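# Per-entry structural report
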Amino acid sequence: MSKMNLIFVAAISAATAFGSAAKAETLRLSHNTSDTTSWHQGSEKFSELLNEATGGDLDVRIFANAQLSGGDQMKQAEMVGRGALDFVVTSAINVTPIVPEMAVFSLPYLYSGYDAVDATTSGAPGDRMKEIMAEHGIIVLAWGENGFREVTNNVHPIKSPEDLKGLKMRVAGPMYIDVMTALGANPQQMQWAETFSALQQGVVDGQENPIGAVIVPQRVYEVQKYITPWHYSYDPIFLGVSKEKWDGWDAETQVKVQAAAIEAMDFQIKVTREGTAAGLDKLRAEGMEVYEPTADELQAFRDATKEPFDKWSAKVGPELVELFQTSINGSN
């Protein structure tokens, strides 16, 4: 091949490479927690799968600890809804200020176990919640898992509702304020990014969060002494995309994004449940005192939280609650 032809081929190759690089689109994904959590692992898996599926045309950059919303975990979904952010991984309870219906997932003692959870997220209730979220500018691509929220504190073991009286408890959203108030605690809504130091400094006495997704990976055991696995509320997460961004993609791209999201969140659920299963042993080894309540003690917590259950059932809509309960009953 002549020198002139070699130059021509090199020029064509460079132009092709440049054109491919120019076509790549960088998308931003925000989530609430640190890079040690299953939230982050699921986000990384999504980025990896989507990059592979699109041949590098779509590149997802992940921002932990709600960096892009100034640490405000509630604001992330609102930003995605108006197209200021591309993707969000957040929990249902964190979007209740703009979508109150999402609180239905976390009604106190709605669920008895994972089978009941899966019956709702993979069934008609999950589909209905996707429709509601789309009305707010967010396409829910897949459900993941934060998990059953367990209570920790630094004062004493929590064995009954009376043990919560007067405790300053960090909570994530409005419904949990009502639940903790009904239990006699002093709830304080606080961003997760501020919570560890607040627990460390005694600004609050305790908090409630899932074991596998938050308490273990975020090392809550370093600043809390007691934990009661009371399974009082379940909190799913979801991977959502701006409807504006979604509508701008062709059908082929949408299929690739959807498939990557489902596979990534399936992976995230698996990691979270494995972490939860091993979590109590880990917490004991780290020096936490674990109190596992009896069936009668759990019933006392259930009875004490009936008022906020009824209040929030009315707020999210009786028909929606009935849809969830029907699916749950069918899973038993």
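As a starting point, this report considers the structure included with it.

Parameters and conventions
- Residues numbered from 1 in each chain as written.
- Predicted model: local features only at pLDDT ≥ 70, side-chain atom pairs only at ≥ 80, totals over all residues.
- Heavy atoms only, no water.
- Helix = DSSP H or I, 4+ residues; strand = E, 2+ residues; numbered from the N terminus.
- Expected span 1.5 Å × (residues − 1).
- Bend = angle between axes of the 7 residues up to and from the residue.
- Salt bridge = Lys/Arg side-chain N within 4 Å of Asp/Glu carboxyl O.
- Buried < 20%, exposed > 50% of the residue type's maximum accessible area, 1.4 Å probe, protein only.
- Axes fitted to C-alpha atoms, helices over the stretch in contact; angles between N-to-C directions.
- Parallel < 35°, antiparallel > 145°, perpendicular 65-115°, else oblique.
- Contact = heavy atoms within 4.5 Å.
- Nonpolar A, V, L, I, M, F, W, Y, C, P; charged D, E, K, R; others polar.
- 1 Å grid on protein atoms, 1.4 Å probe; cavity = no way out; pocket = protein on both sides within 12 Å on 5 of 7 lines; lining within 4 Å.
- Points joined across faces, edges and corners; volume = space filled by probe spheres on them.

### What to know about helix 10 (residues 251-285)
- The terminal C-alpha atoms of helix 10 lie 50 Å apart, and with 35 residues this matches the ideal 51 Å at 1.5 Å per residue to within 8%.
- At Gly279, helix 10 shows its largest bend, some 50°.
- Backbone geometry just downstream of helix 10 places Gly287 in the positive-phi region, at approximately 100°.

### Re the pattern of salt bridges
- Summed over the entire model, instances satisfying the criterion amount to 17 salt bridges.
- Notably, a salt bridge pairs Asp235 with Arg149, separated by 2.8 Å at the nearest N-O pair. In this pair, Asp235 sits in strand 8 (residues 226-242) while Arg149 sits in strand 4 (residues 138-153), placing the two residues 86 residues apart along the sequence.
- Since its relative accessible area comes to 0%, Asp235 is described here as buried.
- Its relative accessible area of 2% is what places Arg149 among the buried residues.
- Between Arg219 and Glu222 there is a salt bridge, and its shortest N-O distance comes to 2.6 Å.
- What makes Glu222 partly exposed here is its relative accessible area of 45%.

### Regarding the packing of helix 12 (residues 306-316) against helix 13 (residues 318-331)
- Across the interface, helix 12 lies against helix 13 with an axial gap of 6 Å and an inter-helix angle of 110°. The pairing of helix 12 with helix 13 is recorded here as roughly perpendicular in orientation. Residues Phe309, Ser313, Ala314 and Val316 of helix 12 touch helix 13, and the partners they reach there are Pro318, Leu320, Val321 and Gln325.
- Looking at the contact of helix 12 with helix 13 residue by residue, the classes come out as 6 nonpolar, 2 polar and no charged.

### Description of empty space enclosed by the protein
- Applying the stated criterion to the full structure yields 1 cavity of 30 Å³ or more.
- The volume enclosed by the largest cavity comes to roughly 110 Å³.
- Lining the largest cavity are 15 residues, and of these Asn32, Gln73, Asn94, Asn146 and Asn209 lie nearest its centre.

### Comments concerning unusual backbone geometry
- Positive phi values are uncommon outside glycine, yet Ala66 reaches one of about 50°.
- Structurally, Ala66 is set in the loop between strand 2 (58-63) and helix 3 (75-81).
- Ala66 sits in the buried class, given a relative accessible area of 1%.
- Unusually for a residue other than glycine, Tyr109 sits at a positive phi of about 60°.
- Within the secondary structure, Tyr109 is located in the loop between strand 3 (87-91) and helix 4 (114-121).
- Judged by relative accessible area, which is 12%, Tyr109 ranks as buried.

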